[in-house]
Structure formats: structure tokens, C-alpha cells
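# Summary of the model geometry
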Amino acid sequence: MTSVEPTEAVTGIPFVLNGTAVEANEGELLIEACERNGVHIPRFCYHNRMKPVGMCRMCLVEVDGGRGPALQPSCMLPVTPDMKVETESEPTKKAQDGVLEFLLANHPLDCPVCDKGGECPLQDNAYAFGAGETRFVEEKRHYEKPIPISDLVQLDRERCILCDRCTRFASEVADDPLIHFIDRGSQTQVNTFPDHPFSSYFSGNTVQICPVGALTATPYRFKARPWDLDAIESTAAADTSGARVVLQASQNELVRTLGVDSEAVNWSWLSDKDRFYYEATNSPDRVTEPLIRDGGELKPTRWGNAMRAAARALRIDPERVAAIGGARLTLESQYAWAKLLKGVLGTDHVDAQLGDSLPAALTLGLPRTTIAEACAPGQIIVLMGPDPKEVAPTLYIRLRHAVVEDGATLIEITPRATSLSKYATLRLQTAPGTVGQVLSALADGQLDTNVGTVQAPELERAHQLLTGDRQVSVVFGRANLAESARYSADALGGMRRLVPNAGYLPLLRRSNIHGALEMGLTPGFLPGGARNRGGLVDKWPSTPEFEGHDTDAILKAAAQGEIDTLVLLGADPLGDFPDSTLAEAAFANIKTLIAVDGLLNTSSARATIVLPAALFGEEDGTFCNLEGRLSPIRAKVTPPGLARPDWVIAADLSHAIGPELGYTTLEELRSQMRATVPALDDVDWDEIDGADDGPLFRPERNWELEFGDPAQMPPTSSYGYRLVVDHKLWDLGTMSQHSASLANLAGPAVLRLSPNDIQLLDLADRQQVTVDLGEESWELPFVADPQVAPRTAWIPARLPGFDVRELLSAGRSITNLRLRTGEVPADVE
Amino acid sequence: MATNDYVPHAAGYVDNTGPKIVTSRFHHRDSYTLERYEATNGYAALRAVLQMQPTAVHETIKEAVLLGRGGAGFPAGVKWGFMPPVWPRYLVVNGDESEPGTYKDRLLMERDPHQLIEGCIITCFALGLNTCFLYVRGEMAEAQERIAEALNDAYASGYVGKNICGTDVSIDVVLTWGAGAYIVGEETALIESLEGNRGMPRLKPPFFPAAKGLYMKPTIVNNVETLANIPWIILNGPNAYKEFGSEKSPGTRMVAVSGHVNRPGVYEIEQGVVTYRDLFYGDNFCQGMRDGNELKMFIPGGGSSPWFFEEQLDVPIEGSLISAAGSMAGSGAIVVMDETTDAVKACLRVVRFFARESCGKCTPCREGTTWEEKILQRIYNGHGRPSDIDLLLDIGSQISPGEYPVAAWAEKGLTAVPFPPKQTTICPLGPSSVAPITSAIRRFRHEFEAKMTARPADEPELRPAGETWVAVEIADGAGNTSDVEAAEVHS
């Protein structure tokens, strides 16, 4: 058996390993205890993040627990005191060799054309322990060679050794039990149910944990040989959870992303978005040189020309300059751009959020907790936001595990049921517009009357759970774009009063949004979450003299001709801002639109000047996740063409304008950040690079969070269906759409109704429903969805088929739709 | 004994003059009805038990040393005591009788379902639980119907359900059935199936049903015949029970004899008293071999058990004695084979069963049993290689390490290896496939060797043993299993 280095000190239960007295931790499995004591036991089915099943039998070792030696699977056996373990005895070797021979008996020897070849545990174990020649002369088992089990995953059943890893992952971790064993004996095979593809958000993990080449990812098949891959550890930036990854490149092209086991964050799991959206960086549509509009067309130009033109457009009254976006950027680039916009130009019209979230002060001001603290056994988790599975899939895995395995209690306060609802101890169904008053009633102890759709006994129960002695963690965010953010803010105010010591985890969209908010890419704040009138005045050339607009107000101002120059830092307001009419009006009135991006989107395609930026995997930097945890973003490939990192662009642009930003290297930029933001003072970037779990960035705030009186509930309307709009993981977002494998995963926009309402509306045998809002009507396809509450209608945003933003308006507090079959005339509204 | 309405043995039961504990009503045509059951002392034991303390009932069963009849032969009373004081807890009745050759439980369920139900209720009462699951093999349609009917009657008459016989004891019996998998007869696989999962065994430890069984709660899994004994024991007392059978294994047990005997069928015999010779040749029982042929071998405890031969004829049918002799009493399924039997074919037939029924969960069983089957099929077809015999034994040792249990062979000076075998698998199914191989090769190696030379004239010559062989696979393109030819490499 190969020796591995012991990784950490051991204490606890004494046992004898190959004649040497060693110790195991309490309850530790033998296979882990041996590993820690320097003895690697070969295994296939065992995976440290899933429950052991003892199926492959590769880890059989001779164990004497007092009743004589017997072969036992070390992955299923907790170490007991004075157990004697022989990992190299003859019986052990014979058993392990036998299992290996059995596994190879029917395994096709197509290693030369197998993507797993070179990094295959079966190959490795056969190399290390195999007999070298086969005694199996019968015909091998045959199945149709790879069958697609989803858009992203192919299954080669001949190679499968039936270790149960993928199937266990699907049912135990992802809770998408869509692949399963079928048939029996040697015909046992993994497969999907007929007509039900393995359409899980997490399907790529099964490829990573497959110990053979049975599961391969469509984007990576036949792309590279593992020994040719160049790898670097980085952080996934598809959502805010900050999952740790390894980026692998071949010939200066990203070809694969693998999950890294970070105890604090992702436990080795990734969403398919995290895993596959590197494809966008290889997109042929990348902007590789600066573009400038000339005669109505974007034409390539030189950096110098583009910079001069941009500088001219920015050297104006700062109140007429605005910037939207920045969540795509690294922490360093965010700082650089904040300094350029606020410190050099002096504008405060800067917002990294696009009006689909909550006020930045809430995210910055509420006391933050960590995923680990929120998911600790026996805690209470409150979900007051969007479905975590859609917004931060890795967080969903952790939350689900906490509730299902660790006895955490989940209370859900949302307008529609989420992926976690079936595990919720208590679910308060808050109709759009009511959540603020519900939390207010809870905080005031008014538990004897119904509030909106929430019944008095439910309030009573929620109050009882939340005011008990268990630690409460609140996962919050904007659950519904069709109701004002005001209600969610009111609800958080209520929660603050009800549970003063609760910890909060903001569930926002857009990768490094937390970095952007912390670095001041939001109106009213400077880096470190300091208020504009904070302590930075003497460190920057200047600070904004006025309180700026958020995206909503920027667009309104622009529509009224008050903004001349708009900078887009990777943002797409035309495609992503909830009120598309307003965005369109704003764009019509902007004089100069400067887009800093790696790919053109609906908005940047209309830019006057496009500055090509490096994307994910092409620049070094830092990621700040929803806990405030800092982790490295690393470059593995060079940016295409003339594209540059955003912090370089910021510095050059500042130079073109006049003042210097004061750094020429990333290191200098970081020391400047350390000098400016006290909370970064003791951050050692070399340590972040090496650590699985980065440090938490928790600046002290020099201001207090204040909540006003909660807004009244909107009046109930007897015919209205309150609209719920939120985001799905797969949508028409720029990165997904430029990733060839992900582009087609966004499902069509369909109106979703509770099954009961479909009966009430007499829609059962119809295909479409008529939606009336104001003067306008739409014919929309619909489906029954038990996740939707009665008297509400749910349409996910940004999906092909129908742009739900047609129904949204920034001014409306809630959106009441009238639904009917085609024939009935609209008589009210 | 009233035999005027004797039921002919087409259904599998053969009356004999011995003592009757569980088959006492079998000779009545209406033995499965509540009327007959009540008329023959039915539910009297239940009424008696309801006046007792649960622990006293448990003690009675313990004292009677009622051994489990499912295969392992573990004392039921002791097993019951393994449950930790955790509620809810469950009783699961293993009616998934599918060991090759076994059909005794089917008769118990078809002909005397009330006796089983009464046994269940008494057990539930003794263990302080109120839900019993009766899991019947999927193929046994008549047994399911009879039990369903009996349960309906018993519920209607207040023997099952709320407030049994007017007391405050309430026990429900849930009838459920399998989907046709042999392995579900294994208790943990049965529990998985009962939970609605694919029937695959759980690893013991940690999943001993008595501690972590159905829904991870304490669960007792008992065989049908075991529970059918209970009403009699309650009514007649443990001492009366112990008057039958041997000291170690009191009472009677049902054996199902099939194969080359004149009168195959199910017999209720006294444990440790009746020998195989009595059973096969006795006038009360099987009345000798078919056509007066010589006995070649017999399987004493279902397809999983190593074979016995004429030397073992005088072993009394009793668990520990059979184990010591190198096999197991198992579920009492006895398959008798006479001199006309082809040992290789018999071996292939049994191994094929296990290969087809392997659940596919653990590697040695899934891959090993199929490999064994393929080799045996090849040998049987005349395509064997001399090295295949030792290969078969070595594959066996990779499924069941160490010496495999086998009967003694006095003529060759070979001694018995006692039961049970060791295993690299999760459950005993894989090792079961080794039993016929080890037994057949040890005793009839010459028959295997004979197959290798008995090849049709147009087949290529076999290479002498000991030289290098290279496999040439003949694939038919459609992925069907086809034979493999051995060819010589000329260097």
C-alpha cells in the first residue's frame, strides 16, 4: 500500500495498525483513520462527503475487534478501542486483489480513448495492485456506448463499476434522484428513468466523482489529456457562494473546472454553472480589441484612441456621470474602479446592483454569519429570500444538508415554495406585499390575528421557534421582483427587533457582488462599507460631494437627460434591469456609453466605446463571497487579443483623464487597498492563495442601520393574482448564453399557477391564459405548479419566449394581474 | 387423526404419522378459514396471552428455545431481546420464501394463515409493538389472497386491529408483497424493499435490524414458520414443546423435499431425531429413490448449502449437526439427486440461479457469480480448459476467502469443513454460489475433466495444461454473450 503523509495530529481512540499503536478520532471511520496515520487503503465507492455504503469492497481489510480477524470494509467501520487492523496481510491482499480482478473483468480496456485515462482511480489501483494479466477470457458485457443522460453528461455503462457514487450524490446531496440502478446481477446498470433526463443543476459533480470514465461531461469530452492539463486553484464566480475550484487549461485555453473541497464553503461540490461557464471565456464572440462607434458601427481602434475618447466623455460635471455594474470584477478591480469613479471623477452615481436586489445598506449593515455557523447542527435557519437552489446552488447543498442530516430547523417566509420547502418545519406563505407586516406582527407579539395569508397559529409557532434559545440565522434576499424591495427591508427590520442576535447571510445575485458593495461600487458608500463622509477623504484625491443614485434612479435621471456618460462594468441594464421600459428610455438619452466587458451584451452592443476586459481565469484577484470570505481568483490563461484586467483599464483611464491611481502592479494596488481599508490591513494575500478557507473580511461600520415603520399591506383585490418574479439558474444571462453547453438550458417562460387556481379559472383543458394588466393583455402559456401559492402567479425572469419585464414597473409596489380564459371580457381594473 | 378429508400432495404437502405442531390443520380442506381455525383451538393462545404480562410471553418463547426457521437457526426469544428500548419498533414477517427448493412457508400461508396471524399478534404483544408487516413473496398469489382474506376476517372478529378481543391492546398487521427478487428473502434487503427502495442488502454491522431496521427503528424479522409455532407453544407450554426434537433443537420443523425420490413434498419432522436416511427411504416419508436408483448427492438446506452425499445420510436433521458436517439446515429445502444426475449441469444450474439473482450491489457477488456461470456454461458446452477448474475454485475463494464448508469424504480421507463460510460480500448470496462449485469439484472433478475432452470432432484441439493461453473473443456484433475460444499463440 502506498504511504501518504499524515495530515493532522491525532488524538483519541487507540488502535493497532499493521502492528503499530496509533490513535483515531472519536467515531472516525477506519479508512479515514488509516489515511491520517499514513496508510492509504484503496477504495472506489467511498467518498468523504457522502454516506458510506461499503459496496465496492475494495477497502476490505483484516480487522480483529476481539473475536478473531475478519475481513471488513474499512469505509463502514468506526474505529473501536484496541481494534487490530492489518492492511497488508495475505487475506487482505487476496481480498483486494480479488475485488480488483472482478472490477476489471467486465471493464472495457478502452483506456487509450477514455477521457479518464491518466487520472482514473481504477487505472491507478490496477497499476498499483493489479495482477497484470487477466484470467477473464469470456466475452465482456456490452452496452450501447455513451448515452446522453442529460445535456451535459454522457454515460458509458460498459465502463461503470457500479460504485453508487453518482446515484448517491443525486439522491443524498443534490436531492435530484433522477439516476438509479436498474436491472440486477451483472446486468445492473445506472440509468435515468424513461423520458426523465438527469437534468440536475449539479450533474457535473457526478462526472468529477466517477472513479472510472463512465460519466463524462459533454463540454470536456475528447478536449484534452489529463497529463497535459495545467491547473491552478481559484474561486468559482458564477454565484455569490464562492465555491473553490481548480481551473484546468490546455494550450492556453480553459477546458475544465473541478470542485475543491473547502470545508467552509462548497465541500467539493459545484453547480453546473460554476463548472461549465468557463466556456464563455473561449467564446468566439469575445471582444479582443477596443471598439469605438464610428458612423453607427462599432469599429476596432487602438487603446490610446479609446482611452482618449473615454476620458473626454468622463471629464464633465460628476453629477452627469454614472456607472452601473462591477459585480463581475475582482475585489482589486472593484477598488480601482471605485477610486476612479468616486475618488477621481467624484461621481456617486455608482451601483453594482441592478434594481433587482435590496438596498446595499442592508447587506452591509446586518451582522453577517458564516455558512458553517448557519448550518451548525440544531440551529434555526430562516429563509426570507429567493430559492437558494436557483441563486446560489452550492449554498443550497449546505442548507439542505444542515436540515436533513444535522437537525437544523428551517423556517421559510417566502411568496412561493422553494426547493427547500419540503424540509421546512414551518412555512409562512407571504403573499406579495405582506412580508413586512408579518414580521412586524411577529416582532410586536401580535400573534392572535391573521396577517395577510399567514394564519395566527402559524405566527404563534414561528414566534415560539424564533424566540427560543436556539441561534437563528437568516438567509435573506429579494424573493420577488414584482413587489417593492421595501417590503423585504421592512421584514428584515422586523426580524432585527424579533431576534436581535440573529446572524445574516445575504442571498444576492451576481458573482462578486459582495466585493463590489464592500469596495464602494454602490451609492453612498466608500471602500470598507464606509459612508461617503467617512475616513477616506485624506487618502483619495477627493470623495463625492453628493449622495448618488442607485441604478433605478440613475436610469430615471438618464431618461430625463440628466446623465451624459454612463459606464457599464459588465452590466446589462437593457437585458437585466427589471423595468425594461425605463432602461430603454434611459439608453435613448445617454450621450456616451462606455462598456468595459469581455463579451458584448444587449446593452454594451449599443456602446460608444467598448474597452475589452479580461474575464474569469484570465486575471488574478480576490473574490469576496456572501460570508465576506476572501478567496483567490487566479489567472490560468492570457486574455485574448488586447483585453486587459479591469484594474489596468481603470489605471490607464485615470491616467488619460489626469490624476494617477497610484499603482502599477497588483501588489501595489493591494498595498494601497490595505492602507485605505483598515479591515484589509492584516490580510495576507499569499495566505489566501494557499488556504482552503480564506479569511473573513468584516470591516467595522461607522454607521448604524436604521429601519422605518413598515409599509402598509397593499389592499386585497378580489380578482387579482399577485405576480411573483424571480430568477432561475439557467436564463438568458450573458455568460450562460456564451457557454455553448449552457446556452440552451434556459427553459421557456411559462406562467405558473397553483393547480387549484387552474381549476378555479377553468383553464384545465386550455393551453394559454389571458393576462390583463392595466390596458394591456397578453396570451401566455401556463402550467400547474404546486410550488405556487393560491392567488399568485409565478413567472421566472429572463427566459426565452416571454420577457416578464413587460409586466414590471419600477413604481409599482405589487403587481396585480387579472387572469382569464380568452372569451371573458375584461370588465374591471 | 382425522384424515377423511386428506388433501392430496399435489399442493406439496405429504401427511405423515409424526407429531404435528404447525401442520396440524393441513388435512382439512377448509383449513384456511376462520371457522375451521376457531373450531380447532384457534386464537385460544391469543386470548390466553392477553391475560399475561408481555415479558412472561417473551420468557415462554425463550424457554421453549424456538429456533428461527429461516436459515440461520438463531433462537427467536434471544433475538427478540436484542431490541433496544426504542419506540416505534416493528415486527416484519419474512414470507419472501425463495430459496431454491423451499416451499414450506407457502403452504403455511396458504393453508393456515390464521395460525401465522395469531403468531404475529402474540409476538407483537410480547415485544410491546403495534405494527407488524407481513411481507409475502410476489409470486405467491394464492398465499397473498388467503392472508388478505384471513386478515379481513381477523380484523372483523377483533383479533387484529383496535382493542383486540376487547382489551386495550391494539396491533395492526400490514400485508405487503415483493416484486420478485430472491435477495429480498435476506432480512435487510427485505427491509429496504419494504421501505420502497430497491431490494439490496444493508451491511451488518451497522444495520442489524434489531437495532437499526425498518425506517432505522428496532425491527424483528422472523420467518413464517417460526411465528407459526408460537400459538402451539403458548397453548401447550415450553416443556411440551421440548418433548419433541433434540435438546439443542426442540420441536419440529418442516422440510421440503424435491428431486429424485418417490414421494417428494413437505414433511413436518422432529428436529434432531429424523435422519436423512429416514427421510429419503422411510415409508412415512419419501419412500425411497426414484426407480430404485442410487443416491448421488443431495442439497440439505436449499441451493445455498454445500452438498451432502451418501456418507451424510445418517446425520440427524438438526442445525448444529449439519453445520458440523459441512453444510447447513437452512430453510429445510432438500433436493435429492440420483445417479443419473450430471454433476456439472447441476452445479451450473444452481450457480446460474445465484448469478441471475445477485442484486448487483457488491462487486464480488455481481461479477464473481456471473463469471462462475460463464465458465461453467463453457465447460458444460465442451469448451472448458483444464485450468478452468482451479480458476473456478480461486474465484470462489475471492468471494468466500479461506476454506469453504464442505462435507467429509471418508473414501479419500477428506474431512468436513464446518459451516458457515467467510465472505468478502455484503450478504451470503455471493458465497452461496461457491457451495455447489466447491462441493461438485471436490467430489466429481473427473466429471468436469471428462467434459473437456468430450468435444465434438470439428472443434479445435485443446492445448495441454500449463501452457500460455490467449483468449480470442467471438463477438457477434449485437453484444450477445457468446462462447470464447481458446487459441494458441505461436511465437
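Residues numbered from 1 in each chain as written. Chains lettered and ligands numbered in written order. Predicted model: local features only at pLDDT ≥ 70, side-chain atom pairs only at ≥ 80, totals over all residues. Heavy atoms only, no water.

### A look at the overall build of chain B
In terms of helices and strands, chain B carries 16 helices and ten strands. Expected size for 491 residues packed as a compact globule is a radius of gyration near 23 Å; at 24 Å, chain B falls within 12% of this value. If one aligns the C-alpha atoms of chain B with their principal axes, the spans along those axes are about 90 × 50 × 40 Å. A buried classification covers 60% of the 491 residues belonging to chain B. Excluding contacts between residues fewer than 6 apart, the proportion of contacts in chain B whose partners are at least 24 apart in sequence is 69%. (Helix = DSSP H or I, 4+ residues; strand = E, 2+ residues; numbered from the N terminus. Rg over C-alpha atoms; globule rule 2.2 N^0.38 Å. Buried < 20%, exposed > 50% of the residue type's maximum accessible area, 1.4 Å probe, protein only. Contact = heavy atoms within 4.5 Å.)

### Side note on the domain arrangement of chain B
Residues and elements named next belong to chain B. Segmentation of chain B into domains returns domain 1 (34-241), domain 2 (252-338) and domain 3 (343-453). Spacing between the C-alpha centres of domain 1 and domain 2 amounts to 27 Å. Each partner contributes residues to the interface: domain 1 has 14 residues there, and domain 2 has 18 residues. Looking at the side of domain 1 facing domain 2, the largest losses of area belong to Arg 69, Tyr 103 and Lys 104, adding up to 37% of the total buried there. The interface formed by domain 1 and domain 2 contains zero salt bridges. Counting residues per element, the side of domain 1 that touches domain 2 draws most heavily on helix 5 (residues 104-111), which supplies three residues. Class assignment of the residues belonging to the side of domain 1 that touches domain 2 gives a composition of six nonpolar, four polar and four charged. (Domains from an automatic or database assignment. Buried area = accessible area lost by both parts, 1.4 Å probe. Salt bridge = Lys/Arg side-chain N within 4 Å of Asp/Glu carboxyl O. Nonpolar A, V, L, I, M, F, W, Y, C, P; charged D, E, K, R; others polar.)

### As for a positive patch on the surface
All names here are of chain A. Taken together, the side chains of Arg 302, Arg 308, Arg 312 and Arg 315 make up a positively charged region of the molecular surface. Examined against the element boundaries, Arg 315 turns out to sit in the loop between helix 7 (303-314) and strand 16 (321-325). Taking relative accessible area as the criterion, Arg 315 reaches 47% and is therefore assigned partly exposed. (Patch = residues over 30% accessible without salt bridge, like charges linked within 9 Å, V, L, I, M, F, W, Y side chains within 5 Å. Areas by Shrake-Rupley, 256 points an atom, 1.4 Å probe, with all protein chains shown as cover. Lys, Arg positive; Asp, Glu negative; His and termini not counted. Charge placed at Lys NZ, Arg CZ, Asp CG, Glu CD.)

### A short note on the packing of aromatic side chains
Applying the stated criterion to the full structure yields 28 aromatic pairs over all chains. Between A:Phe136 and B:Trp371 the ring centres are 5.2 Å apart and the planes differ by 65 degrees, which places this aromatic pair in the edge-to-face class. A residue pair is termed interchain when its members come from two chains, as with A:Phe136 in the loop between helix 3 (121-129) and strand 6 (147-148) and B:Trp371 in helix 14 (residues 363-380). Of the two residues examined, A:Phe136 and B:Trp371, each falls in the buried class. Measuring from ring centre to ring centre gives 5.2 Å for A:Phe525 and A:Trp703, while their planes differ by 55 degrees; the resulting arrangement is tilted. Placement of the pair is A:Phe525 in strand 23 (residues 525-526) and A:Trp703 in the loop between helix 22 (685-690) and strand 30 (721-724), with a sequence separation of 178 residues. Given a relative accessible area of 11%, A:Trp703 falls into the buried group. (Phe/Tyr/Trp six-rings, centres within 6.5 Å; stacked < 30°, edge-to-face > 60°.)

### Some remarks on the domain arrangement of chain A
Residues and elements named next belong to chain A. Domain parsing of chain A yields domain 1 (13-88), domain 2 (138-282), domain 3 (291-357 + 512-689), domain 4 (366-506) and domain 5 (721-828). Its C-alpha centre places domain 2 at a distance of 36 Å from the equivalent point of domain 3. If you look at the interface, domain 2 gives 24 residues, while domain 3 gives 20 residues. At the junction of domain 2 with domain 3, the criterion picks out one salt bridge. Asp 230 is the salt-bridge partner of Lys 636, the closest N and O atoms lying 3.4 Å from each other. Scanning the region where domain 2 abuts domain 3 turns up seven residue pairs in polar contact (both at pLDDT 80 or more). Considering every element that reaches the side of domain 2 that touches domain 3, the biggest residue donor is strand 11 (residues 230-235), with six residues. When the residues that make up the side of domain 2 that touches domain 3 are grouped by side-chain class, the tally is twelve nonpolar, seven polar and five charged. (Polar contact = N/O pair within 3.5 Å; in protein donor to acceptor, adjacent residues only side chain to side chain.)

### Some points on the packing of helix 5 of chain B against helix 7 (residues 141-156) of chain B
Two quantities define a packed helix pair, namely the angle between the axes and the distance from one axis to the other. All names here are of chain B. Relative orientation of the contacting elements helix 5 and helix 7 amounts to 35 degrees, with a least axis distance of 7 Å. The interaxial crossing formed by helix 5 with helix 7 has left-handed handedness. The residues of helix 7 that touch helix 5, namely those facing Met 109, Glu 110 and Arg 111, are Glu 142, Ala 143, Arg 146 and Ile 147. (Axes fitted to C-alpha atoms, helices over the stretch in contact; angles between N-to-C directions. Left-handed = near helix turned anticlockwise from the far one by under 90°.)

### Quick notes on the interface of chain B and chain A
Contact residues are listed per partner, giving 45 residues for chain B and 36 residues for chain A. Counting the contacts that link chain B with chain A gives five salt bridges. Among the ionic pairs, A:Lys94 bridges to B:Asp394, the shortest N-O distance being 2.7 Å. Here chain B is connected to chain A by 21 residue pairs in polar contact (both at pLDDT 80 or more). Of all elements in the fold, only helix 13 (343-357), helix 14, helix 15 (387-399) and strand 9 (470-473) of chain B reach the threshold of two or more residues within the side of chain B that touches chain A. Considering each element in turn, the side of chain B that touches chain A owes the most residues, ten residues, to helix 14 of chain B. In terms of residue class, the side of chain B that touches chain A is made up of 21 nonpolar, 13 polar and eleven charged.

### Description of the sheet that holds strand 7 (residues 153-155) of chain A
Strands belonging to one sheet form pairs held by backbone hydrogen bonds; the direction of such a pair is parallel or antiparallel. All names here are of chain A. The antiparallel open sheet is built from three strands, whose spatial order is 6-7-10. In this open sheet, the two strands that pair with only one neighbour each are strand 6 and strand 10 (215-217). Where strand 7 and strand 10 come together, three bridges link them in antiparallel fashion. Directly across from Val 153, in strand 10, lies its bridge partner Ala 217. (Pairing = 2+ DSSP bridges.)

### Examining the sheet that holds strand 5 (residues 84-86) of chain A
All names here are of chain A. One open sheet accounts for five strands, arranged 2-1-5-3-4; its pairing is mixed. For this open sheet the edge positions go to strand 2 (20-24) and strand 4 (69-73), each flanked by a neighbour on one side alone. Ignoring strand direction, the axes of neighbouring strands in this sheet form an average angle of 35 degrees.

### What about the packing of helix 8 (residues 331-345) of chain A against helix 21 (residues 666-676) of chain A?
Residues and elements named next belong to chain A. Interaxial distance between helix 8 and helix 21 falls to 10 Å at its minimum, and their mutual angle equals 70 degrees. Judged on the interaxial angle alone, helix 21 and helix 8 are roughly perpendicular. You can see that helix 8 and helix 21 cross each other, and the crossing is left-handed. Residues Leu 331, Glu 332, Tyr 335 and Lys 339 of helix 8 touch helix 21, and the partners they reach there are Leu 666, Leu 669, Arg 670, Gln 672, Met 673 and Thr 676. Tallied by class, residues from the contact of helix 8 with helix 21 come to five nonpolar, two polar and three charged. (Parallel < 35°, antiparallel > 145°, perpendicular 65-115°, else oblique.)

### Some words on the nonpolar core
Among the nonpolar cores identified, the biggest contains 225 residues, and A:Phe15, A:Leu751, A:Leu819, B:Val257, B:Tyr276, B:Leu279 and B:Ile334 are the most heavily contacted of them. Sort the elements by how many residues they give to this core and helix 16 (residues 429-453) of chain B lands first, with nine residues. By size, the runner-up hydrophobic cluster in this structure holds 100 residues, among which are A:Ala311, A:Ala313, A:Ala338 and A:Leu569. (Core = buried A, V, L, I, M, F, W, Y, C linked by side-chain atoms within 4.5 Å.)

### Notes on the confidence of the model for chain B
Residue and element names in this part refer to chain B. Overall, the predicted model of chain B reaches an average pLDDT of 89, with 90% of residues at or above 70. Taken together, the stretch residues 6-10 has pLDDT below 50 and engages in 14 contacts with residues farther than four places along the chain or on a different chain. Segment residues 462-491 is flagged for pLDDT under 50; beyond a separation of four residues in sequence, or across chains, it makes 45 contacts in the model. Across the assembled chains, the prediction reports ipTM 0.89 with pTM 0.91. (pLDDT = per-residue confidence, 0-100.)

### A few points about the side chain of A:Gln437
Residues and elements named next belong to chain A. Structurally, Gln 437 can be placed in helix 13 (residues 435-444). A polar contact of 2.9 Å, which involves the side chain of Gln 437, links it to the backbone oxygen of Ala 711. Ignoring any residue separated from it by four or fewer positions in sequence, one finds Gln 437 in contact with Val 451, Pro 710, Ala 711, Gln 712 and Met 713.

### Quick look at unusual backbone geometry
Residue B:Trp87 is joined to B:Pro88 through a cis peptide bond whose omega torsion reads 0 degrees. Looking at the element boundaries, B:Pro88 is found in the loop between helix 4 (76-80) and strand 1 (90-95). Following B:Phe419, the chain continues into B:Pro420 via a peptide bond in cis, with omega recorded as -5 degrees. Mapped onto the secondary structure, B:Pro420 falls in the loop between helix 15 and helix 16. Of note, A:Leu162 is a non-glycine position whose phi angle comes to about 55 degrees, a positive value. Phi is positive for A:Asp175, close to 60 degrees, though the residue is something other than glycine. Residue placement: A:Asp175 occurs in the loop between helix 4 (165-173) and strand 8 (179-182).

### Side note on the environment of A:Tyr201
Residue and element names in this part refer to chain A. Looking at where Tyr 201 falls in the secondary structure, it is placed in the loop between strand 9 (189-192) and helix 5 (203-209). Note: C-alpha distance between Tyr 201 and Leu 270 (69 residues apart in sequence) is 8.9 Å. Setting aside residues up to four positions removed in sequence, Tyr 201 forms contacts with Asp 176, Ser 271, Asp 272, Lys 389, Glu 390, Lys 728, Leu 729 and Trp 730. Reaching out from Tyr 201, the side chain makes a polar contact with the side chain of Glu 390 at a distance of 2.6 Å.

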